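Close look at the chain arrangement
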Amino acid sequence: MTAPEPSPGGASSGGAASAGAASGDVSPAGGPLGAGYSSVCLAAGTVMLAVPTAIALTALPAPGSGGSPGTGLLLAVVLAIGALAVALATARPGSGVMAALAVLCTALALVLEPPEALGDGLCGLACLAFLLAIRLHRQARSGPVNLSAWLAAHRPLAVGAAVTTPAAIAAASVPTAWSLPVAALVGLGSVAVCALIFR
Amino acid sequence: MDGKIDWESADWVFGVVTAGVLAALAVVAAGRFDLVVFGAPLLGALAGAWWSSRPDRTVRVSAELSAERVFEGDSIILRVQLTAPPGTELLDAELRTGAELGAVPLGVRHLTPEVLRGEWELHALRWGRAVVRMRVTTRGAAGLLVGGAQCAVTEVAIFPNADRISAVPRPMDLPDLLGVHLGRRKGEGVEFAGLREYQPGDPLRAVNWPVSARRGQLYVTERLAEQAAKVVTMIDASGDVRQTGGSTLELSVHGALAVVQAALRREDRAGVVALGGVVRWLAPDLGRRHFYRVVEALLDVQPGSGSAPSNADGFPRTVLPRGAAIVVFSPLLDERVISAVVDLRRRGFGLVVVDVLRAEPQPRPGADYDPIAIRMWRLGRRGIRYRLAELGIPVGTWSEGAELDEVLRPMSLRPLMGSRR
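These numbers come from a predicted model, not from an experiment. All residue numbers refer to positions counted from 1 along the written sequence of the respective chain. Written order determines the labels here, with chains lettered from A and ligands numbered from 1. In keeping with the model being predicted, local features are shown solely for residues with a pLDDT of at least 70 and side-chain atom pairs are shown and tallied solely at 80 or more, while totals for entire chains, interfaces and linings include all residues.

Right, let's talk about the overall build of chain A for a bit. To qualify as a helix, a DSSP run of H or I must reach at least 4 residues; to qualify as a strand, a run of E must reach at least 2; elements of each kind are numbered from the N terminus. Across its full length, chain A carries nine helices and one strand. For chain A, the succession of helices and strands along the chain, N to C, is β-α-α-α-α-α-α-α-α-α. Across the 199 residues of chain A, 42% fall into the buried class. By the criterion used throughout, residues are in contact when their C-beta atoms, derived from the backbone, lie within 7 Å. Taking the intrachain contacts of chain A between residues at least 6 apart in sequence as the baseline, contacts between residues at least 24 apart amount to 73%. Working definition of burial: number of other C-beta atoms within 10 Å of the residue's own, with buried at 20 or more, exposed at 12 or fewer, and partly exposed in between, all C-beta atoms being placed from the backbone.

So, on to unusual backbone geometry. Residues and elements named next belong to chain B. Although it is not a glycine, Glu-267 sits at a positive phi angle of roughly 70°. With respect to the helices and strands, Glu-267 occurs in the loop between α4 (248-265) and β15 (269-275). Residues other than glycine seldom take positive phi values, yet Leu-332 does so here, at roughly 55°. Secondary-structure assignment places Leu-332 in the loop between β17 (325-330) and α6 (335-346). Residue Leu-332 is classed as buried on the basis of its C-beta count, with 23 C-beta atoms lying within 10 Å.

Moving on to the interface of chain A and chain B. By a widespread convention, an interface's size corresponds to the accessible area lost as its parts come together. Taken residue by residue, the interface counts 54 residues in chain A and 58 residues in chain B. Broken down by secondary-structure element, the contributors of at least two residues to the side of chain A that touches chain B are β1 (16-18), α1 (19-23), α5 (97-112), α6 (117-142), α7 (147-153) and α8 (155-173) of chain A. Any residue outside Ala, Val, Leu, Ile, Met, Phe, Trp, Tyr, Cys, Pro, Asp, Glu, Lys and Arg is labelled polar, Gly included; the first ten of those are nonpolar and the last four are charged. Of the residues contributing to the side of chain A that touches chain B, the split by class is 32 nonpolar, 19 polar and three charged.

Residues and elements named next belong to chain B. Paired strands, in this sense, are two strands between which DSSP finds at least two bridges. The six strands are arranged β16-β15-β14-β17-β18-β19 in an open sheet whose pairing can be described as mixed. The two strands at the open ends of the sheet, each matched to only one other strand, are β16 (280-285) and β19 (395-397). With direction set aside, neighbouring strand axes in the sheet form an average angle of 20°. Where strand β14 (residues 230-236) and β15 come together, seven bridges link them in parallel fashion. Across the sheet, Val-232 pairs through a bridge with Gly-271, a residue of β15. For helices, the fitted line uses only the C-alpha atoms of the stretch in contact; every axis is such a line through C-alpha atoms, and the angle between N-to-C directions lies from 0 to 180 degrees. Along the sheet, helix α5 (residues 288-299) makes contact with β15 and β16, crossing β16 at roughly 165°.

Let's shift gears to the environment of B:Pro284. Residue and element names in this part refer to chain B. For Pro-284, the position within the fold is in strand β16. A sequence separation of 13 residues divides Pro-284 from Gly-271, and the C-alpha atoms of the two residues are 3.8 Å apart. Sequence-distant contacts of Pro-284, defined by excluding residues within four places in its chain, comprise Lys-230, Val-232, Arg-269, Ala-270, Gly-271, Pro-321 and Ala-324.

Residues and elements named next belong to chain B. With seven of seven residues buried, β15 is to be regarded as a mostly interior element. Because side chains alternate across β15, one face comprises the buried residues Arg-269, Gly-271, Val-273 and Leu-275, and the other comprises Ala-270, Val-272 and Ala-274, equally buried. Classification remark: right-handed applies to a crossover when, strands pointing away from the viewer, the course from the first strand over the helix to the second runs clockwise. As for the winding sense of the linkage, the β-α-β connection from β14 through α4 to β15 is right-handed. Bridge count for β15 against β16 is four bridges, and the pairing is antiparallel. Looking at β16, one finds that Val-273 is bridged to Trp-281.

Residues and elements named next belong to chain B. Relative to the elements of secondary structure, Phe-14 occurs in helix α1 (residues 11-30). The class of Phe-14 is exposed, set by 10 C-beta atoms lying within 10 Å. A sequence separation of 130 residues divides Phe-14 from Leu-144, and the C-alpha atoms of the two residues are 9.8 Å apart.

Reading fine detail from the predicted coordinates is not recommended where pLDDT is low. Here pLDDT means the predictor's own confidence in every residue, given as a number from 0 to 100. Mean pLDDT over chain B: 84, with 93% of residues reaching 70 or higher. Two summary scores accompany this predicted model of the complex, namely pTM at 0.66 and ipTM at 0.75.

Per-residue confidence for chain A gives a mean pLDDT of 76; residues scoring 70 or more make up 76%. Taken element by element, the predicted model of chain A shows its lowest mean pLDDT in α1(A) (40) and its highest in α5(A) (89).

To continue, consider helix α9 (residues 176-197) of chain A. Residues and elements named next belong to chain A. Multiplying 1.5 Å by the residue count of a helix minus one yields the expected span of that helix. End to end, α9 covers 31 Å across 22 residues, agreeing with the expected 32 Å (1.5 Å per residue, within 8%). Here the bend at a residue means the angle between the axes of two seven-residue stretches, the one that ends at it and the one that starts at it. The sharpest bend along α9 measures roughly 25° and falls at Val-182. Those residues of α9 that fall on the buried side of the exposure criterion are Ala-183, Val-186 and Ser-190. Summarising the contacts, the buried residues of α9 are in contact with α8.

Let's shift gears to the nonpolar core. In this structure, A:Ala126, A:Phe130, B:Val231, B:Val260, B:Ile326 and B:Leu351 are the most contacted members of the largest nonpolar core, which totals 156 residues. It is α6(A) that provides the largest number of residues to this core, a total of 15 residues. If we skip the residues at most four places from it in the chain, B:Val260 touches B:Thr233, B:Ala270, B:Val272, B:Phe291 and B:Val294. Here a nonpolar core is just a set of buried residues of the types Ala, Val, Leu, Ile, Met, Phe, Trp, Tyr and Cys, joined wherever their C-beta atoms sit within 7 Å.

In this section: the packing of α6(A) against α8(A). All names here are of chain A. For the pair α6 and α8, interaxial distance at closest approach is 9 Å and the crossing angle is 160°. The angle between α6 and α8 falls in the class roughly antiparallel. When the axes of α6 and α8 are compared, the crossing they make is right-handed. Listed contacts from α8 to Ala-117, Leu-118, Gly-121, Gly-124, Leu-125 and Leu-128 of α6 are Ala-161, Thr-165, Ala-168, Ile-169, Ala-172 and Ser-173. A breakdown of the residues in the contact of α6 with α8 according to their chemical character gives eight nonpolar, four polar and no charged. Should an angle fall under 35 degrees it is taken as roughly parallel, and over 145 as roughly antiparallel, whereas 65 to 115 is taken as roughly perpendicular and any remaining angle as oblique. With the far helix as reference, a near helix turned anticlockwise by less than a right angle produces a left-handed crossing, and one turned clockwise produces a right-handed crossing.

Attention now goes to α8(A). With 19 residues, α8(A) ought to run about 27 Å at 1.5 Å a step, and its terminal C-alpha atoms sit 27 Å apart, in line with that. Taken across its 19 residues, α8(A) has 17 buried, putting it largely inside the fold.

All names here are of chain B. A sheet is described by the order of its strands in space; here five strands give the open sequence β1-β3-β5-β8-β7, paired in antiparallel fashion. Edge strands, defined here as strands with exactly one partner in the open sheet, are β1 (2-4) and β7 (101-112). Direction aside, the axes of adjacent strands within the sheet are offset by 25° on average. Where β7 meets strand β8 (residues 115-124), ten bridges bridge the pair, whose relative direction is antiparallel.

If you want it as structure tokens, here you go:
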């Protein structure tokens, strides 16, 4: 009946052992960029930055035309920081700071060189896709993800974006007096289309 | 087993919504409506996630233990699988075991974002019923909601270890039970008690032929009966003083179990009474199964003064049979328990008291009167011991580093004197 005296040494007495700390031991296969959905993240980030980059390339003043070269330089710096943030967010999806910085850089680039409403909408959709891709990548690094279940769980986000984006684009494309009715009409139409698709 | 998740907004949601509103105001003020178009998909996604159906609140827990009953010092393996509702994400799982168990994570991994499987090694540190719980953190609605759940995983019964002792006090008056002790009663035994003249009905094998031949008439040999004793251990759980080498309650439980084990080993009847928050008792009995009944009863002993009696009437009658030797484990701090012990002695029970208090009050630095108060406290304790000794109740102090056997041996040399009723 006599068992050896308990030896608390080595055991975490007081009884709290976190799994979160231990789950950090799960190393992603293939290094930081080779696991999960890093390629999806990079693709979404590239699309996100591509719109302001393309606008910048087309809208920059030609040398000697008298435009402001400072804006172009600033835009280039912002886009470079955005690209770096995309890469870092893909490498370390657990931290949301880099993803937020990438989106902020994109927004700043759009402020510096405003595109058409369609470009803004596409860029916003690309931002959303990038954020969702980062989320998927992060989850995939901590364990296997059932993609169809994941997409089903995130369907409300896609539906929300699908309703608001066309409405906003349409509202921005018409005269100000018509923007609200047009936005409402397009929004309702988008809702109907989404209801038909996801019924 | 299931746990209920309490969902609430994630910490960042408020900040993001505030920043979004401020940005929208700035955009409108600057007349840059095109930027509203940029933010429209993100706002739509946010609204879609917020107004989507709320995630389920149930997190399922399945646990597997390598053993549900262990002794102090043993280690067991706990395997847990947590399943969060579909569409949510299990972020963290924290095992909470209380003071009785220590936990070391062996491996924790996500099978899917909703399913987490973990393995822990649990070390039994202190006797008692240890309830293992798990604090689970989840994330739902695409990260907008964060949930927390408290789940009961399993319960582990940790039995106290018993020191192996041989010295157990026994009463002078032994009951008519077959055992190993030589009492004053004559009967069937091997120990010589005396000679007497043959009476009709005496068995012929009892006739002492050499004596009969010398004296010219038949004499028979009388022998001492071999009887069993009844030993009751009493635990004073009216308080629990923390001290080095184990709290008073821990020492009491370990000591009581050691006495019960030693008594049962020599075929005596042993019982236990715990006086504390809830009275727990087991009437004296014998056998290995009874030992485990005692152990189970001791697991539920909790400190508290609710049931501390002030006289012998406070004890259940069946628990303290006539002629039983009573071994009291007490810090001698509760006057009601001391009065009850005195009352038991006056009613004829043979008692010994083991003082399990090792700690002393410490004087506060700079307080002039504290050393005097402590001296008075020591005098009071000496007075209590003197009072008990005057009544024929030996008191032994279970000091640090001493074995219980050393404490009980001087009190076990002679049978405990009780009074015949």
